[in-house]
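Geometric and topological summary
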Amino acid sequence: MDLQRTLQSVKNHADWISLRHVTEKTTLRSYRDEKPDRNQISYDDGVMVEVLVNGHFGYAGTSDISDAGIRKAADRAVLMARSAVDKKAFNFTLEQRPQSQGRYKSPVIKPLDSFSAKEISDIFVDANKAMKVSDKIVSRQATAMIVETHFYSISSSGSEMEQNFSIVSTDFSATAAEGSEFQTRTENGGLARCFQVGAEIFDRVSILERSRRVAEEAVELLTSENCPNETMDLLLAPDQMTLQVHESIGHPLEYDRILGDERNYAGWSFVKPQDFGTLQYGSKLMNVTFDPTVQDAMASYAFDDSGNKATKEFLIREGKLERGLGGLESQARLKLPGVANTRSSSWNRAPIDRMANINLEPGTSRLEDMIASVERGVFMMANKSWSIDDYRNKFQFGCEYAKLIENGQLTKTLKNPNYRGITVPFWNSLKAVSQARETYGSPFCGKGEPNQVIRVGHTTPYCLFANIEVFGA
Amino acid sequence: MNFTEKTKDGFNKVADHILDQLQNNEAANINLHAEDSTFIRFNNNKVRQNTQVEQRGLSLLLQKNSRSINLSFSITGNIEDDKKRADQFLKMARTECDLLPEDPFQVPLQNNGQSDHSFQGKLLDPANVVEAITTPAAGSDLAGLYCAGPLISANKNSMGQSHWFANENFFMDYSLYMGEKAVKAVYAGTEWNQKDFAANLTHTQRQLALMNRPKVELKPGAYRTYLAPGAVAELTSMLAWGALSYNAYKQGACGLAKLADKEKTLSPLFSVRENYGLGLTHRFNSLGELAPETLDLISKGELKSFLVSTRSAKEYTTTGNAAEGWEGPRAMEVLPGTLKESEILKQLDTGLYLSNLHYLNWSDRLNARITGMTRYACFWVEKGEIVGPIKDLRFDENLYDCLGQNLLGVTDFQETDPQVGTYESRSFGGKKVPGMLVKDFKFTL
């Protein structure tokens, strides 16, 4: 395939045209109870043609990556654009498609293709064995999703961008049972351990130790008390803060939600355009950034799909809302500054506003001091259940594991911990933020019509909130 | 040849090319998923984005010396190019199998027969869709997605099995807005009829007019509630999250385990079955196994059958029922009852009328407790009369309550909820559900 030659043959079909070639290899390895459960490898390969005709972008994606196939897709993209010119939502220009050249590559010490199916199998079977800490363990699972993605994009205005991503998501989980009680513990909540990294992540010693701990905590939960039902202080670990930030900061700040594009599917936002610069989103301890420059986080990149260079930006500073999550198209529509987050899940979808890495900046507290400051509260870890309304307002989240805090000390282990609240009052109840931070993410953020799953990363500290409604099963 | 004919010709030749090369110690199962789709996204009755996607993908399950690997890959539609790709992936699959441990639950491939169904629709020309939708919706704040085109699923295996299912269909999944108040609708089928779409739109506009009253803000609590079919469709979607999976039951992740163990009961008014007679999807699964035309899952409140894949059946030494590996319903039908549409508001008397629910999740899986939000046209009703739309409420409710002793009635009509999922590619399927009247539905926030 010679994409440059194909571009030359179609570049006069529209006012502007780009070709985005995406190849992605996804390997899923899963071992349950020491036996292979899933071994799947998928190769996705296609080209998205994007055209600008009379101020409207049209798209056509094809898995026929021959010269003829791409030229056919170009004709269809032009047809799409022309058919909507009189009913377009906005009159776009090339300002929304800056000329960009550059390359990006995930930081990798040991290439993923240097690690064989047999090596993964051996480690994962041993991880399953390490989880057999008790006869009460009834199910053990080790899972890895390994993704290698290559984006190559060129345009009639001279852009040329190449980005290579090496991504690994892992999970080691165990279920313990006694009578009709079942408790499952995963590592940090499902596949939340996901990074841009190489095969160096498969460190045998660390994996076996972490697997054993997960299983021990599953057994511990069987005999633990239920989380109490009361209003009290809530300390959240970074692996739950990830979800809290994602749902109650990331999504409501996406400009396409505020503009109403997403209303029919995931919903819109309680945030209004006039809130930027005025809304006290949270307490003064709250500082939130969009940062695609983090070294190994899930959604780091150099350019978004529009060619906009990715830079770190403050969204919320000392609790006040400053900036939202909109790419160049949404910025033009809303007349507000945004970020480089025009992203598509693959070659077969048009890019939309996506949150990428949304991080909570560190505070000044030490975790032990935060615990010591609590007279009565709950410390929750690892997300298990999530639900929030279409305005990203009223939420209810559940965790896998918790500890009661009494008189400044961690005391009993609690099972089935949940909490609920409303976004702005909740963030305004933030009363301590730790210095220490951890990075997690999700490979599965769903959004858009047609639907798209995309990767997001979140680096967050431990956070302490006052007077939150918590409850158990 | 059109897209469907070209894809069929290519699939048969490329799949046979793979199967012809298998050695004595090998068996293979091949699936095709293909579509040629038009996607048009609307906001404010204008076009936000429009995209055409032509894609074909093959998946190859190779079994060799009791090992299994599943490889999937995009194909181009050009037969000779795709044969070369297939050669490359077959070679890779063999190498993988040599590296993997034995799979004790490998399902031996069988010949589950042949089927061949192609349904031609009457779809709008992609160039005319924008006009066909925006003109009758003029003056409305419409947001949503139009999606249409041929959609194909096919299967072959090395035992001689062969299945083909191709359909040309469309859906217009949309909402109409009045400020922040909204009503949702879907117009779907295989033959676009402009008058029918206009009528669908008019009906939705009339519903929206009901929203033009002051919002009612209710305190958390337990309310007598009518769940319209759209709300029931969302609620029963949770049954696909492991609640009817035998594998989940055996591994401690089943939402209805206590029903299976007879520790809890559901109402005799509640019955669920798989019903492929609804015509929403094909009966063959990815192994080419044919599911029974109908399968009772919950009958009059009692669990009759889990969904059991052949792999689970082998692992747990039981009988399978041709479920997919994820063991969720693919053609769910919740059976109707006797509550007439004209009686709904009267029977509800004073309480909540919920047209839809949103963002559901287990809040306590082992006790079948679910949380989620009200969404779209949801009303407060007093003495059988609609007072006004409500401010959104969060519920946290136990299925053993709302589908158990608190289930007061099930409507005598059902509505089809077509599958409108488009993650990676368009999905087949859907469900058919009635409305339900329950008492003491619990709202928390």
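What you see is a predicted model; the values in this text were computed from it and never measured. (Residues numbered from 1 in each chain as written. Chains lettered and ligands numbered in written order. Predicted model: local features only at pLDDT ≥ 70, side-chain atom pairs only at ≥ 80, totals over all residues. Heavy atoms only, no water.)

Examining the overall build of chain B
Keep this limit in mind: Here a helix means four or more residues in a row that DSSP labels H or I, a strand means two or more in a row labelled E, and each is numbered from the N terminus. For the radius of gyration, the atom set is restricted to C-alpha positions; the globular benchmark scales as 2.2 Å times the number of residues to the power 0.38. Exposed residues in this analysis have more than 50% of their type's maximum accessible area, buried residues have under 20%, and partly exposed residues fall in between, with area computed by a 1.4 Å probe over protein chains only. Calculation of accessible area relied on Shrake-Rupley with a 1.4 Å probe; when residues are assessed, cover is drawn exclusively from the protein chains displayed. By the counting rule applied here, Lys and Arg register as positive and Asp and Glu as negative, while His and the ends of each chain are not counted. To locate a charge, the coordinates of NZ of Lys, CZ of Arg, CG of Asp or CD of Glu are taken.
Secondary structure summary: chain B contains 10 helices and 18 strands in total. Over its C-alpha atoms chain B spans a radius of gyration of 24 Å, differing by no more than 12% from the 22 Å that the globule rule assigns to 445 residues. Here chain B, with 445 residues, has 60% of them falling under the buried criterion. When the accessible surface of chain B is totalled, it reaches about 17,000 Å², and 47% of it is carbon and sulfur. Computing the positive centroid from 48 side-chain charges and the negative centroid from 53, chain B places the two 3 Å apart.

Notes on the packing of helix H3 (residues 117–130) of chain A against helix H4 (residues 204–222) of chain A
Residue and element names in this part refer to chain A. Here is the rule: In this analysis an axis means a line fitted to C-alpha atoms, helices contributing only their contacting stretch, and an angle means the value between N-to-C directions, from 0 to 180 degrees. An angle below 35 degrees is read as roughly parallel, one above 145 as roughly antiparallel, one from 65 to 115 as roughly perpendicular, and any other as oblique. Should the near helix be turned anticlockwise from the far one by less than a right angle, the crossing is termed left-handed; should it be turned clockwise, right-handed. Should any heavy atoms of two residues lie within 4.5 Å, those residues are considered in contact. In this classification, Asp, Glu, Lys and Arg are treated as charged, Ala, Val, Leu, Ile, Met, Phe, Trp, Tyr, Cys and Pro as nonpolar, and every other residue, Gly included, as polar.
Contact geometry for H3 and H4: axes closest at 8 Å, N-to-C directions at 30 degrees. Considered as vectors, H3 and H4 are oriented roughly parallel to each other. Judged by the twist between their axes, the crossing of H3 over H4 is right-handed. Every residue of H4 that contacts H3 at Asp122, Ile123, Asp126, Ala127 and Ala130 is listed here: Arg204, Ile207, Leu208, Ser211 and Arg212. Looking at side-chain class alone, the contact of H3 with H4 contains 5 nonpolar, 1 polar and 4 charged residues.

As for the interface of chain A and chain B
Stated precisely, the cut-off is as follows: We define a salt bridge as a side-chain nitrogen of Lys or Arg found within 4 Å of a carboxyl oxygen belonging to Asp or Glu. Here a polar contact is taken to be a pair of N or O atoms separated by no more than 3.5 Å, where protein atoms must pair a possible hydrogen donor with a possible acceptor and residues adjacent in sequence count only if both atoms sit in side chains. Here, a strand pair is defined by DSSP locating no fewer than two bridges between the strands.
In this assembly, 89 residues from chain A lie in contact with 86 residues from chain B. Across the chain A-chain B interface, the total number found is 14 salt bridges. Where A:Glu449 meets B:Arg41, a salt bridge forms, and the shortest distance between an N and an O atom there is 3.9 Å. Linking chain A with chain B are 64 residue pairs in polar contact (both at pLDDT 80 or more). The biggest single contributor to the side of chain A that touches chain B is strand E2 (residues 35–53) of chain A, with 11 residues. Here the residues of the side of chain A that touches chain B sort into 34 nonpolar, 28 polar and 27 charged. Pairing analysis gives 4 bridges linking E2(A) to strand E3 (residues 67–75) of chain B, with the strands arranged parallel. Looking across to E3(B), one finds that A:Ile41 is bridged to B:Leu71.

Re the UniProt feature "domain: Metalloprotease TldD/E central" (unreviewed entry) in chain A
Note the threshold: UniProt positions are given in the numbering used here, feature names are shortened, and annotations may be inferred rather than shown by experiment.
Mapped onto this numbering, the UniProt entry annotates "domain: Metalloprotease TldD/E central" (unreviewed entry) at residues 111–222 of chain A. Taken end to end, residues 111–222 of chain A comprises 29% helix and 42% strand; its first and last C-alpha atoms sit 40 Å apart.

Description of the sheet that holds strand E11 (residues 288–290) of chain A
Residues and elements named next belong to chain A. Read from one edge to the other, the open sheet built from 4 strands follows the order E13-E12-E11-E16, with strand pairing classed as antiparallel. Every interior strand has two partners, whereas the edge strands, strand E13 (320–321) and strand E16 (358–360), have only one. Relative to E16, E11 runs antiparallel, the two sharing 3 bridges. Looking at the pairing, Phe290 lines up with Ile358 of E16.

A closer look at the packing of helix H1 (residues 3–10) of chain A against helix H2 (residues 67–84) of chain A
All names here are of chain A. H2 packs onto H1 with a crossing angle of 40 degrees between their chain directions and a minimal axis gap of 10 Å. One finds that H1 runs oblique with respect to H2. Crossing of H1 against H2: the hand is right-handed. Between H1 and H2, the contacting residues are Leu3, Arg5, Thr6, Ser9 and Val10 on the first element and Asp67, Ile70, Arg71 and Ala74 on the second. Considered class by class, the residues forming the contact of H1 with H2 number 4 nonpolar, 2 polar and 3 charged.

A short note on the UniProt feature "domain: Metalloprotease TldD/E N-terminal" (unreviewed entry) in chain A
Here the UniProt feature "domain: Metalloprotease TldD/E N-terminal" (unreviewed entry) sits at residues 19–81 of chain A. Helix makes up 24% of residues 19–81 of chain A and strand makes up 63%, while its end C-alpha atoms are separated by 15 Å.

Some words on the side chain of B:Ser355
All names here are of chain B. Tracing the backbone through its elements, the reader meets Ser355 in strand E13 (residues 351–364). At a separation of 2.8 Å, a polar atom in the side chain of Ser355 contacts the main-chain carbonyl oxygen of Ala377. Not counting chain neighbours up to four residues away, the residues in contact with Ser355 comprise Ala228, Gly230, Ala231, Arg375, Tyr376, Ala377 and Cys378.

Here's the deal with the environment of A:Ala117
For A:Ala117, the position within the fold is in helix H3. A residue is classified by how much of its surface remains accessible, and A:Ala117, at 4% relative accessible area, is buried. Those residues in contact with A:Ala117, other than ones at most four positions away along the chain, are A:Arg29, B:Glu96, B:Leu99 and B:Leu100.

Observations regarding the packing of aromatic side chains
Aromatic rings in a pair are described by how distant their centres are and how their planes are angled relative to each other. Residue and element names in this part refer to chain A. The condition is simple: Stacked, edge-to-face and tilted labels apply to pairs of Phe, Tyr and Trp rings (six-membered ring for Trp) whose centres lie within 6.5 Å, assigned for plane angles under 30 degrees, over 60, and everything in between, in that order.
Enumeration according to the criterion identifies 44 aromatic pairs over all chains in this entry. Here the aromatic rings of Phe57 and Phe92 are separated by 5.5 Å at their centres, their planes lie at 35 degrees, and the arrangement is tilted. Here the residue Phe57 occupies a position in strand E3 (residues 56–62), and Phe92 occupies one in the loop between H2 and strand E4 (101–105), the gap between them amounting to 35 residues. The same class applies to Phe57 and to Phe92, which are both buried. With a centroid separation of 6.0 Å and 20 degrees between ring planes, the pair formed by Tyr419 and Phe426 is classed as stacked.

Notes on the pairing of strand E21 (residues 430–447) of chain A
Residues and elements named next belong to chain A. Of the pairings in the sheet, the one linking E21 to strand E22 (residues 452–471) comprises 12 bridges and is antiparallel in character. In the sheet register, Arg437 faces E22, and the bridge partner there is Pro461. Here E21 folds back onto E22 in antiparallel fashion, the turn holding 4 residues, of which Gly448 has a positive phi close to 90 degrees.

Brief notes about the pattern of salt bridges
Per the counting criterion, the structure on display carries 67 salt bridges over all chains. Via salt bridges that share partners, A:Arg32, A:Asp33, A:Glu34, A:Asp37, A:Arg140 and B:Glu315 belong to a single interconnected network.

A few points about helix H1 (residues 3–20) of chain B
All names here are of chain B. Selection criterion: Here the expected length of a helix is defined as 1.5 Å per residue gap, with one fewer gap than residues. By arc we mean the arc of the directions from the helix axis to the C-beta atoms, nothing more.
The terminal C-alpha atoms of H1, which comprises 18 residues, lie 25 Å apart, in line with the 26 Å expected from a rise of 1.5 Å per residue. When we look at burial in H1, the residues that qualify are Phe3, Thr4, Thr7, Gly10, Phe11, Val14, Ala15, Ile18 and Leu19. Summarising the axial view, the buried residues of H1 lie within an arc of 155 degrees, below the 170-degree limit, and thus occupy one face. Summarising the contacts, the buried residues of H1 are in contact with strand E1 (26–43), strand E2 (46–64), helix H2 (79–99), strand E5 (141–157) and strand E6 (162–178).

Structural notes on the environment of B:Glu315
Locating B:Glu315 in the fold gives a position in helix H8 (residues 310–315). Residue class for B:Glu315 comes out buried when judged on its relative accessible area of 18%. Excluding anything up to four places from it in sequence, B:Glu315 contacts A:Arg32, B:Phe105 and B:Asn247.

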